[in-house]
Amino acid sequence: KNMSYDSAHLTTPDIKWLGIRPTDLNRYNLPDQCRLDMTDADIKTGQSMIEEEFIKANPKWVKEMEIMLKTKQKAEIQALSSFGFQYISEEYLP
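Residues numbered from 1 in each chain as written. Predicted model: local features only at pLDDT ≥ 70, side-chain atom pairs only at ≥ 80, totals over all residues. Heavy atoms only, no water.

With that out of the way, let us pick up the layout of surface pockets. The gaps left among the atoms become clear once a water-sized probe is rolled over them. The space that makes up the second largest pocket amounts to roughly 400 Å³. Trp17, Leu18, Met49, Met65 and Met68 are, among the 23 residues lining the second largest pocket, the residues nearest its centre. Residue assignment for the lining of the second largest pocket shows that the elements contributing at least two residues are helix H1 (22-27), helix H2 (40-49), helix H3 (53-56), helix H4 (59-71) and strand E2 (73-74). No other element matches H2, which puts four residues into the lining of the second largest pocket. A per-class count over the lining of the second largest pocket returns 14 nonpolar, four polar and five charged. (1 Å grid on protein atoms, 1.4 Å probe; cavity = no way out; pocket = protein on both sides within 12 Å on 5 of 7 lines; lining within 4 Å. Points joined across faces, edges and corners; volume = space filled by probe spheres on them. Helix = DSSP H or I, 4+ residues; strand = E, 2+ residues; numbered from the N terminus. Nonpolar A, V, L, I, M, F, W, Y, C, P; charged D, E, K, R; others polar.)

Next up, the structure:
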C-alpha cells in the first residue's frame, strides 16, 4: 500500500498462491494440532486482502479468503509434513 503510487511498475501478472489453502485443512484432514487460530492481525490482513483487485480477479482466491476469515484458522505448509517426510513433494505439490 505504501508504494501504491508506483503500482503500475510493481505488478506481478502471473502471481500464484504460495502455501496451504484454507480448503486444504479439511481436504487433507490436517490434525487439530497442525491448525493455527488466526490472530487479530491475521484477520485484519485477510479482510484487507480480500478487497485487493488481484484477489477479486480470482474467484477461487476469494473463496479461499472467505473460508479463512469464516473459520479463523490457518496452517503452515510444514503441517503437511505430519503425514511424512516427503508428503509435500510427492503428494501435495504434484
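On we go from here.
Moving on: the pattern of salt bridges. In the structure shown here, the tally under the stated rule is three salt bridges. Between Arg27 and Asp24 there is a salt bridge whose closest N-O contact spans 2.6 Å. With Arg27 and Asp24 both in helix H1 and three residues apart, the pair spans about one turn of that helix. Assessed through its relative accessible area of 54%, Arg27 is described here as exposed. Under the relative-accessibility criterion, Asp24 is labelled buried at 2%. (Salt bridge = Lys/Arg side-chain N within 4 Å of Asp/Glu carboxyl O. Buried < 20%, exposed > 50% of the residue type's maximum accessible area, 1.4 Å probe, protein only.)

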